[in-house]
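Okay, here's what each chain looks like letter by letter:
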Amino acid sequence: MEQFEFILVVLACVGLSSVLDHVVEKVSLPVLQVILGLAASVLVPGVREVRVESELFLVLFIAPLLFNETREVDPRRLWQSRGDILSLSVGLVVASVLAVGYVLHWLVPSIPLVAAFALGGALGPTDAAAVTALKSSVNLSDRQTTLLSGESLINDASGVVAFQFAVAAAVTGSFSLAIAAGTFLVLFAGGIAAGALLGVALSAVIRLLEDLGLEDVTSHALYELLAPFLVYLVAEALHVSGILAVVAAGIVMAASRPRFRSTFEARRSLVSGSLWSVVSFLINGTVFVLLGMQLPHVAAPGLSGGLVPAQVLGVIVAVAATSMLCRLLWVYTLEVGHRRRGESLCGRSGSALHDALVTTVAGAKGAVTLSIALTLPATVEGGAPFVGRDLLVTLAAGVILVTLLAADAALPRLAPQPADDGSLGRERRRATMAVLEGTAAELAHMLEEEPDADHAPAVRFVLDRYLMRMATERLEDADVADANRAVEREEFRRQAQTLNQLHARHVKTRSEQDWKEHVRWLRFVRHLVGYQGRMEGVVPHGHALGAAAAAIVRRSAHVARPDDEEFARVFGQACIYAIELEYASLDYFDEAIAEGDAGRAKAARIRRDTHEQLLRSLWSWLNYGRDVPVDSDEAYALPYNLLTHEFAPRFGEHLAKAREYARDVDATALRIELDVIARLQAEGQVSRHVAGELREDVYLLQMSEE
């Protein structure tokens with residue numbers, strides 16, 4: 001039961017951190033999680049005594065974290081930077097192990113040298129995810145991002161291997177450099193080879209299942225979630241590095257993963273990405289919360305090692321400084337070497353020292369380091385306690401916190417994010433407008449070609465929604481944003497005022513209950529032509545949302561009977577009232593345009609164009625089945641008896657056909673969007689990046705239609 005309560009406390013802290021991350025602007029998410037873990041250990045002292053088995057940490061935490069990181073890397077860029085990445089992830093780790101080990105042993109002689117080397121191995125891995133989670137605005141170059149991502153993938157493995165060698169030497173009391181070097185090569189090369197083969201095999205199995213038609217998104221996501229655990233356990237059974245095997249398998253599977261070519265692939269990517277996002281957040285959050293829970297133990301290991309808390313803090317700072325200085329010298333040397341060849345390691349335009357300092361501070365320690373440190377055994381051969389075990393865990397936790405705080409404080413000053421000029425947003429809006437205009441033009445052409453086709457009512461509905469989306473995109477321009485809000489508020493007021501007048505007129509000849517029924521259908525009509533959000537709220541929901549929903553369902557059953565006079569009367573009258581609201585908007589837009597305020601006039605013109613088209617659509621509904629040109633004056637005559645409210649037009653048939661073909665027309669419109677995106681990209685009007693984002697939006701809409 002204690003374990004279960006411990007899990008609940010940890011999960012509660014992780015969940016609370018996600019909320020506070022949106023509230024606390026100046027503190028990064030990992031630091032927030034550390035603070036929450038510390039608070040939990042103080043408020044719930046029992047959690048300090050709960051321990052997770054050290055053997056589980058590598059497979060339970062590190063394996064899935066590394067596998068998830070491989071999903072985001074670009075294998076081509078990793079290969080291009082392979083020399084520098086190996087230098088940082090292997091050479092720097094070895095240098096750091098030696099530097100940290102000797103400095104720690106010199107500062108605290110009671111800690112054996114091999115145990116100090118073990119801490120150096122645990123501090124070898126960097127956590128790129130921790131840096132990306134920083135709330136501060138940080139501007140890292142593409143080259144730095146590639147280096148940090150590639151380094152964090154491989155130095156996890158090299159750090160784990162170095163740590164395991166040091167621990168083995170500390171536990172057994174013997175160590176051979178020649179044997180260690182040979183074993184390291186076997187573990188390193190064997191882990192990569194085993195992981196690559198397993199990655200190929202897993203990818204082949206997934207493709208085979210797809211070829212057999214077994215395209216189940218949930219099963220695929222579960223296979224992918226199990227993959228890192230399977231690869232790790234198989235590699236360890238073969239006595240090679242399970243960590244490197246997971247990295248190699250993840251890269252192979254990422255390279256063979258197909259891009260979006262079908263709705264299934266889009267859905268699979270969405271589900272897989274969402275699943276891994278949750279898993280990664282939970283694991284990272286759990287480890288940082290555990291880090292916070294370790295902080296109250298700072299005094300205990302210090303006393304057992306003959307140190308007071310102030311001395312422990314001093315050792316933490318000294319070890320962190322040694323690790324960062326070693327990293328700075330290594331990165332600076334590489335940067336100078338690259339610049340002598342006319343290149344740049346970090347891909348920035350600053351001085352060599354500045355760029356090296358940015359890359360150094362960005363290499364903060366994180367979840368992997370603490371996970372490794374917590375695997376330190378409690379005893380050595382013969383059953384004696386592992387000397388300094390608690391102090392080493394405390395030092396690891398302290399160094400992680402120091403490097404995180406240093407990155408949080410220094411990176412925004414060393415590499416500030418340039419001010420956003422909105423160019424990317426404007427490019428995205430221009431591309432979206434071009435796609436919407438192209439799609440709307442195709443739909444309008446469909447209506448012109450076959451105005452009386454059975455699918456024409458559905459095409460009109462879909463076209464109206466595209467027109468509304470186009471108006472929204474036009475109004476996103478920054479130069480009319482404030483003016484548009486003012487115009488929208490006044491339009492809202494005018495429509496609400498007109499609705500009150502319609503209410504007063506309606507109840508003179510009909511009951512209040514009849515008015516409520518008309519209001520429900522008025523909302524439905526406005527929704528069909530594309531009203532959303534605040535403007536949709538001009539028409540009230542009524543007393544009960546459930547009653548309105550029930551009425552919609554009840555009335556929808558009548559749609560299949562075009563001879564239902566009651567339905568024709570209510571739905572037709574709702575169309576008339578919707579037209580009245582549109583005229584109220586148009587009257588106000590004319591006033592706004594005539595007032596002379598440039599911003600409001602521009603917003604009013606954009607909104608007027610859209611509302612005129614919506615008005616034409618509503619009149620076309622009223623005149624469905626009548627041989628009346630849409631542009632003629634007769635088309636705008638009320639086709640019902642004002643005194644008796646008798647309605648003859650074929651509204652039921654119109655709506656029935658619209659509902660019958662709605663799904664097909666929606667699917668056709670989305671396919672047209674994809675064709676337009678492809679054409680715009682081929683013509684160079686849309687960049688590849690923006691085109692990819694637009695396609696993903698369409699794929700998500702296609703998935704919602706299935």
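Residues numbered from 1 in each chain as written. Predicted model: local features only at pLDDT ≥ 70, side-chain atom pairs only at ≥ 80, totals over all residues. Heavy atoms only, no water.

*Asks:* Would you mind going over helix α15 (residues 352-361) in detail, with residue names and values included?
*Replies:* Across the 10 residues that make up α15, a large majority, seven, are buried. Every buried residue belonging to α15 is among Ala352, Asp355, Ala356, Val358, Thr359, Thr360 and Val361, and all of these are buried. Looking at the buried positions of α15, the neighbouring elements they touch are α8 (142-172), α14 (309-340) and α17 (389-414). (Buried < 20%, exposed > 50% of the residue type's maximum accessible area, 1.4 Å probe, protein only. Helix = DSSP H or I, 4+ residues; strand = E, 2+ residues; numbered from the N terminus. Contact = heavy atoms within 4.5 Å.)

*Asks:* Summarise the packing of aromatic side chains; cite the residues concerned and give the values.
*Replies:* Using the criterion set out here, one finds four aromatic pairs in the structure. Ring geometry for Tyr102 and Phe117: centres 5.4 Å apart, planes at 80 degrees, overall edge-to-face. In this pair, Tyr102 sits in helix α5 (residues 82-107) while Phe117 sits in helix α6 (residues 113-122), placing the two residues 15 residues apart along the sequence. Residue classification places Phe117 among the buried residues on the basis of a relative accessible area of 15%. The interplanar angle of 50 degrees and the centroid separation of 6.0 Å between the aromatic rings of Tyr588 and Phe589 together place this pair among those described as tilted. Comparing Tyr588 with Phe589 shows no difference in burial state: the two are buried. (Phe/Tyr/Trp six-rings, centres within 6.5 Å; stacked < 30°, edge-to-face > 60°.)

*Asks:* With reference to specific residues and values, describe the packing of α5 against α14.
*Replies:* Helix-helix packing: each pair is described by the crossing angle between the helix axes and the interaxial distance. Two elements in contact, α5 and α14, have axes separated by 9 Å at closest approach and are oriented at 145 degrees. For the crossing formed where α5 meets α14, the hand is right-handed. In this structure, α5 uses Asp84, Ser87, Leu88, Gly91, Leu92, Ala95, Ser96, Ala99, Val100, Val103, Leu104 and Leu107 to contact α14, whose residues at the interface are Val315, Ala318, Val319, Thr322, Ser323, Cys326, Arg327, Trp330, Val331, Leu334 and His338. (Axes fitted to C-alpha atoms, helices over the stretch in contact; angles between N-to-C directions. Left-handed = near helix turned anticlockwise from the far one by under 90°.)

*Asks:* Which residues make up the environment of Ser96, and what values go with them?
*Replies:* Relative to the assigned elements, Ser96 resides in helix α5. Spatially, the C-alpha atoms of Ser96 and Thr322 are 8.2 Å apart, while their sequence positions differ by 226 residues. Not counting the four nearest positions on each side in its chain, Ser96 is found in contact with Gly101, Ser323 and Cys326.

*Asks:* Outline the packing of helix α20 (residues 481-506) against helix α25 (residues 598-622), listing residues and values.
*Replies:* Contact geometry of α20 with α25 gives a least axis separation of 8 Å together with a crossing angle of 55 degrees. If you check the angle between α20 and α25, you find them oblique. Helix-helix and strand crossings are classified by hand; for α20 and α25 the assignment is right-handed. Each of Ala483, Asn484, Ala486, Val487, Glu488, Glu491 and Gln495 in α20 lies in contact with α25, whose residues at this interface are Gly599, Arg600, Ala603, Arg607 and His611. By residue class, the composition of the contact of α20 with α25 is four nonpolar, four polar and four charged. (Parallel < 35°, antiparallel > 145°, perpendicular 65-115°, else oblique. Nonpolar A, V, L, I, M, F, W, Y, C, P; charged D, E, K, R; others polar.)

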